[in-house]
Structures are given as structure tokens and as C-alpha cells.
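# Coordinate analysis (summary)
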Amino acid sequence: MNLLTWVLMYSWQLIVSVPAKQEASLDMDALGHSYVWTPEKIVMYDTKGRELFFYSELAFGDIQSIDVRDALKPLVFYQDAGKLVFLDNTLSPQSNVIDLFEVYDGMAVAICSSIDNNYWVFDAQRQEIVRVDAAFNEITSSGSLSALGIDGFYPEQLFESNQQLYVWEENYGFLVFDLFGTLIRRIPILDVQHVHLRKGQLLLTKSSGEVLKYNWLDYQFEAVPLPSLPASPRAVV
């Protein structure tokens with residue numbers, strides 16, 4: 001199956017399609033590069049859909065998530081190994097691998113980069129969103145989500161955009177926090193197959209192939225009118 005990459009100008013137009021296996025995920029950086037990744041590897045494509053670079057490190061186990069918010073410094077998270085690997089713009093690993101078991105006193109199950117060289121961590125042990133600095137010293141936290149009536153939360157991925165943190169859990173939907181860790185919105189939605197967030201625009205691809213965009217004016221999802229396609233898209237960015 002292909003993962004279809006899109007861009008929103010004045011209308012939706014197909015700009016590139018890249019090949020991927022059924023279990024692959026898709027991301028796009030600010031420069032328009034597409035990243036198709038599985039638990040074993042990451043492949044970068046240019047804006048024409050041509051393969052550029054490849055990364056794989058089986059010694060660390062499965063890739064849990066990637067963060068391409070900084071196109072010059074993609075971040076790869078290996079949850080089981082407790083490793084954060086930084087790549088350059090050719091997907092070559094840098095020397096500054098972070099061992100979370102050494103620098104973070106908690107159970108990090110999801111992580112993403114934040115502004116000012118900081119990070120967001122979801123700590124499953126504390127059931128909290130925690131913002132830390134480059135040395136993983138705590139800056140602020142959400143407090144226990146249980147106090148907000150949210151129990152057993154185990155997110156798939158964290159995203160920061162427009163100075164807000166989006167936390168996605170497939171059995172719940174989204175929680176949105178400000179930079180101080182204050183919960184500002186709950187967005188319940190199920191059956192989501194892929195999530196893309198850029199410049200505050202939340203775009204979802206459902207298992208049916210339907211693509212939805214979140215409208216911040218009325219706090220509702222609206223369907224994105226896609227042109228005719230040869231197959232249902234697995235992921236749209």
C-alpha cells in the first residue's frame with residue numbers, strides 16, 4: 001500500500017506518493033521531506049518522492065516514535081531501550097545518544113521535543129505530562145491525570161505545535177496542554193490510524209481512509225474533500 005502525502009494550499013492536491021508497507025507510519029518536516037518509518041527503519045524521501053536516506057539501528061530494538069519538528073535534527077525514541085537518538089539531515093546518527101534510564105528518574109513511554117531545547121515526557125509511573133530541560137531536569141508538569149478524571153492513560157505519541165502540546169491516545173483521542181502543563185482541551189475521537197500536526201493544524205486519517213481536520217472555531221472535526229484516488233490513503237500530511 002502507498003502512503004499518500006498531501007499539501008494544503010487553496011485546495012487539496014496530491015503532490016507525492018511514497019511506497020510503504022501496511023504497518024508503516026508517515027511524517028513530514030518543515031522542508032517538505034517525507035519520512036516513512038516502521039519499528040525497524042526510517043526512510044527519507046524528497047519533495048518528488050525520491051528516496052534520499054535510510055536509517056536503522058536494530059541494537060536498540062523497535063522505534064517507538066520519531067520527531068521531525070527540527071528538520072536538521074530528527075529525534076528517534078526507543079522506548080524499550082530507553083534511548084533518544086539524534087540524527088542529522090542525512091539520517092546519520094550523532095554521537096549524543098541520551099540514555100533515559102540514566103538521566104530521567106521515571107518511566108518515559110512517550111517523548112517529543114519542545115521549544116528552547118526542552119522536551120516533553122509522558123511519565124506512565126506518575127501518570128503525568130512532564131516538561132524537562134536539555135539535562136532532563138523538570139521544568140513543569142501537569143500533575144496527575146487521575147485528578148482530572150483520566151485514568152489508565154498510555155499515549156502513542158506527543159506533538160508540540162504553536163506552543164501547545166498534543167497528546168494522542170488511540171483509545172481516547174487527544175489532550176491539549178499549554179507550555180505550563182495546564183490542560184486546555186480534551187478532543188475525544190476513536191478509530192484514528194494516523195495523526196499529523198503542523199502549525200496548529202490537526203489532521204487525522206481514520207481506518208476507513210476518511211481524512212478529518214479539526215476546526216478550532218467550533219471545536220469539531222470536518223471532513224477534508226479529497227480528489228478521486230486509486231485507493232484509500234493510510235496517512236495524509
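Thresholds, definitions, all that
Residues numbered from 1 in each chain as written. Predicted model: local features only at pLDDT ≥ 70, side-chain atom pairs only at ≥ 80, totals over all residues. Heavy atoms only, no water. Pairing = 2+ DSSP bridges. Helix = DSSP H or I, 4+ residues; strand = E, 2+ residues; numbered from the N terminus. pLDDT = per-residue confidence, 0-100. Contact = heavy atoms within 4.5 Å. Axes fitted to C-alpha atoms, helices over the stretch in contact; angles between N-to-C directions. Salt bridge = Lys/Arg side-chain N within 4 Å of Asp/Glu carboxyl O. 1 Å grid on protein atoms, 1.4 Å probe; cavity = no way out; pocket = protein on both sides within 12 Å on 5 of 7 lines; lining within 4 Å. Points joined across faces, edges and corners; volume = space filled by probe spheres on them. Nonpolar A, V, L, I, M, F, W, Y, C, P; charged D, E, K, R; others polar. Phe/Tyr/Trp six-rings, centres within 6.5 Å; stacked < 30°, edge-to-face > 60°. Buried < 20%, exposed > 50% of the residue type's maximum accessible area, 1.4 Å probe, protein only.

### With respect to the sheet that holds strand E7 (residues 65-67)
Spatial strand order, E7-E8-E9-E10: four strands in an open sheet with antiparallel pairing. The sheet terminates laterally at E7 and strand E10 (98-99), the two strands that pair on one side only. Note: E7 against strand E8 (residues 75-78), three bridges, orientation antiparallel. Residue pairing in the sheet places aspartate 67 in a bridge with leucine 75 of E8.

### So, the confidence of the model for the chain
For the chain, per-residue confidence averages 87 on the pLDDT scale, and residues scoring 70 or more make up 87% of the total. Confidence drops under a pLDDT of 50 for residues 1-10, and excluding neighbours within four residues, the segment shows 54 contacts in the predicted structure.

### Details of the sheet that holds strand E4 (residues 34-37)
Spatially, the four strands line up as an open sheet ordered E3-E4-E5-E6, and their pairing is antiparallel. Here the strands that pair on one side only, and so sit at the sheet edges, are strand E3 (25-28) and strand E6 (51-55). Looking at each pair of strands side by side, their axes are set apart by 20 degrees on average, direction ignored. Bridging between strand E5 (residues 42-45) and E6 involves four bridges; their strand directions are antiparallel. Looking across to E6, one finds that methionine 44 is bridged to phenylalanine 53.

### A short note on the pattern of salt bridges
Throughout the structure, instances matching the rule amount to six salt bridges. Between aspartate 99 and lysine 83 there is a salt bridge whose closest N-O contact spans 3.1 Å. Residue aspartate 99 is located in strand E10, and its partner lysine 83 is located in strand E9 (residues 83-86); the two are separated by 16 residues in the primary sequence. Measuring nitrogen to oxygen at the nearest pair gives 3.8 Å for the salt bridge that ties glutamate 222 to lysine 213.

### Some thoughts on the layout of surface pockets
In this model, the largest pocket occupies a volume close to 450 Å³. Lining the largest pocket are 24 residues, with Val68, Arg69, Glu160, Leu197 and Arg198 positioned closest to its centre. Where the lining of the largest pocket is concerned, the elements lending two or more residues are E3, E7, strand E11 (108-114), strand E15 (157-161) and strand E19 (192-198). Per-element tally for the lining of the largest pocket: the top contributor is E15, with five residues. Split into classes, the residues belonging to the lining of the largest pocket amount to 11 nonpolar, six polar and seven charged.

### What to know about the packing of aromatic side chains
To describe a pair of aromatic rings, you give the distance between the ring centres and the angle between the ring planes. Inspection of every chain in the model, using the stated rule, returns 10 aromatic pairs. Measuring from centroid to centroid gives 6.5 Å for tryptophan 168 and phenylalanine 174, while their planes differ by 20 degrees, and the two rings are stacked. In terms of burial, tryptophan 168 and phenylalanine 174 fall into one category: buried. Measuring from centroid to centroid gives 4.9 Å for tyrosine 214 and tryptophan 216, while their planes differ by 85 degrees, and the two rings are edge-to-face.

### Focus on the environment of proline 188
As for its placement among the helices and strands, proline 188 is situated in strand E18 (residues 183-188). Overall, the relative accessible area of 59% leaves proline 188 in the exposed class. Along the chain, proline 188 and phenylalanine 174 lie 14 residues apart, while their C-alpha atoms are 6.1 Å from each other. In this structure, proline 188 is in contact with Tyr172 and Gly173, ignoring residues within four places of it in sequence.

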